[in-house]
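For reference, the chains in residue letters:
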Amino acid sequence: MAILVTGGAGYIGSHTVAELLDKGEEVVVLDNLQTGHREALLGGKLYEGDLRDKELLKRLFTENSIDAVIHFAANSLVGESMQNPVKYYDNNVYGTLCLLEAMQQAGVSKIVFSSTAATYGEPEKVPIEETDRTAPTNVYGETKLSMETMMGWFDRVLGIKYVALRYFNAAGAHASGKIGEDHQPETHLIPLILQTALGQRESIAVFGDDYPTEDGTCIRDYIHVSDLADAHLRAVDYLRSGGESNVFNLGSGNGFSVNQVISKVKEVTGVDFAVEVKPRRAGDPAVLIASSGKARSVLGWNPQRENLDDIIASAWQWHQNHPNGYAGK
Ligand SMILES: O=c1ccn([C@@H]2O[C@H](COP(=O)(O)OP(=O)(O)O[C@H]3O[C@H](CO)[C@H](O)[C@H](O)[C@H]3O)[C@@H](O)[C@H]2O)c(=O)[nH]1
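As named in an unreviewed UniProt entry, the chain is UDP-glucose 4-epimerase, taken from Paenibacillus physcomitrellae. The chain has a UniProt comment under Catalytic activity (unreviewed entry) that states "UDP-alpha-D-glucose = UDP-alpha-D-galactose". One UniProt comment on the chain, placed under Subunit (unreviewed entry), says "Homodimer."

Next up, the structure:
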């Protein structure tokens, strides 16, 4: 029996495929390679195509014996979602509907999928627990919450069991040095700072220094991508052993401000560079920090790389060796 990984050629998807292969799982990947990279796949059988291509999905489920699905394929940028909501509803919500329909037709009843801390919006308290209010402040978070709600009905009505993993901020790269973060264009904080340290950018922009935090910049909870990947394998095992549908936060429980992350990068790389304060970015909550006690106790998740210095060091190694991402190898 194989595991279908949609979006398996993307950043978190490819790290999860690597862990699955390590554990001896058979892996089938569906990816349209719009943001993913063929080179990011360390193995598995790739179907190049779109989630919304119902014929392709039907063929994929017929040609393979799929036992569970890990669903990453989605657009995931807060800023872009506030400019192009149609793209986000179409790919994230309609795409997930197509996938669930194909699963129903093929009799596949287990799915683990990427949700996000952006479902909470501006939190009522930190650390955030899974039972806290969800009130997204951007289209991206709203589409992920809609996907969760949809899964809830597909469980109640059709018995498809799901695990929604609400990621906080993924960072870092695989220990092998073979795969890492490569978004075109890059919009995430840590890779942008590292590109500045490499001299590829003149300065790093701080989006707002007037937030209600100690230094005025936004606080986020950074978690190593390989620890996120490990949580997906645990979530599949949880469903395989009869676990009920569930939602888990995945974060380290530690918050770092944008200014603190910039200082850490300077420390880890030993490079100094220019920092520019810019206006706030639309849709950004001030503070997002996870309580991941539930994932730890129910899934037995035990992140191994929680220190921000180590996370940055692993990303730095990737950026130094792949200054132009996969394209420039
Ligand atoms: O050049 C930059 C880029 C980012 N930031 C700031 O750095 C923080 C982190 O920004 P990222 O874009 O790296 O990450 P986000 O927190 O916006 O979003 C990430 O985490 C979210 C959940 O917290 C979602 O899962 C989303 O998909 C994922 O991109 C934010 O406060 C942002 O305003 C800057 O100051 N300058």
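Enquirer: Hey, could you go over the pattern of salt bridges for me, with residue numbers and the actual values?
Expert: Applying the stated rule across the entire model yields 23 salt bridges. Across the salt bridge formed by aspartate 284 and arginine 220, the nearest N and O atoms sit 3.7 Å from each other. Of this pair, aspartate 284 sits in the loop between β13 (274-278) and α9 (293-299) while arginine 220 sits in strand β9 (residues 219-220); the two residues are 64 residues apart in sequence, bridging distant segments of the chain. Side by side, aspartate 284 and arginine 220 carry an identical accessibility label, which is buried. Look at the salt bridges and you will find they share partners, linking Glu25, Asp67, Lys110, Asp237 and Arg240 into a network.

Enquirer: Please provide a residue-by-residue account of the environment of leucine 56, values included.
Expert: Checked against the element boundaries, leucine 56 lands in helix α2 (residues 54-63). For the pair leucine 56 and aspartate 210, spaced 154 residues apart in sequence, the C-alpha to C-alpha distance is 48 Å.

Enquirer: Explain the UniProt feature "domain: NAD-dependent epimerase/dehydratase" (unreviewed entry) in the chain residue by residue, including any values.
Expert: Mapped onto the present numbering, the UniProt feature "domain: NAD-dependent epimerase/dehydratase" (unreviewed entry) falls on residues 3-251. Counting secondary structure, residues 3-251 comes out at 37% helix and 21% strand; the distance between its end C-alpha atoms is 24 Å.

Enquirer: Hey, could you go over unusual backbone geometry for me, with residue numbers and the actual values?
Expert: Note the cis peptide between valine 126 and proline 127, where omega equals -5°. For the bond running from glutamine 184 to proline 185, omega is -5°, close enough to zero to count as cis. Position of proline 185 relative to the elements: it lies in the loop between β7 (169-171) and α6 (189-197).

Enquirer: Can you lay out helix α5 (residues 139-158) for me, pointing to particular residues and giving the numbers?
Expert: A rise of 1.5 Å per residue sets the reference length of α5, with its 20 residues, at 28 Å; its end C-alpha atoms lie 28 Å apart and thus fit the reference within 8%. In the segment just after α5, glycine 159 is the residue with positive phi, at about 75°.

Enquirer: Help me get a handle on the pairing of strand β6 (residues 161-167), residues and values and all.
Expert: With six of its seven residues buried, β6 lies for the most part within the structure. Bridge count for strand β5 (residues 110-116) against β6 is seven bridges, and the pairing is parallel. Across the sheet, residue valine 112 finds its bridge partner in β6, namely valine 163. Traced from β5 through α5 to β6, the parallel crossover comes out right-handed. Here five bridges tie β6 to strand β11 (residues 246-250), and the two strands are oriented parallel to one another. Within the sheet, the bridge partner assigned to alanine 164 lies in β11 and is valine 247.

Calculation criteria
Residues numbered from 1 in each chain as written. Predicted model: local features only at pLDDT ≥ 70, side-chain atom pairs only at ≥ 80, totals over all residues. Heavy atoms only, no water. UniProt positions renumbered as here; feature names shortened; annotations may be inferred. Salt bridge = Lys/Arg side-chain N within 4 Å of Asp/Glu carboxyl O. Helix = DSSP H or I, 4+ residues; strand = E, 2+ residues; numbered from the N terminus. Buried < 20%, exposed > 50% of the residue type's maximum accessible area, 1.4 Å probe, protein only. Expected span 1.5 Å × (residues − 1). Pairing = 2+ DSSP bridges. Right-handed = clockwise from strand over helix to strand, strands pointing away.

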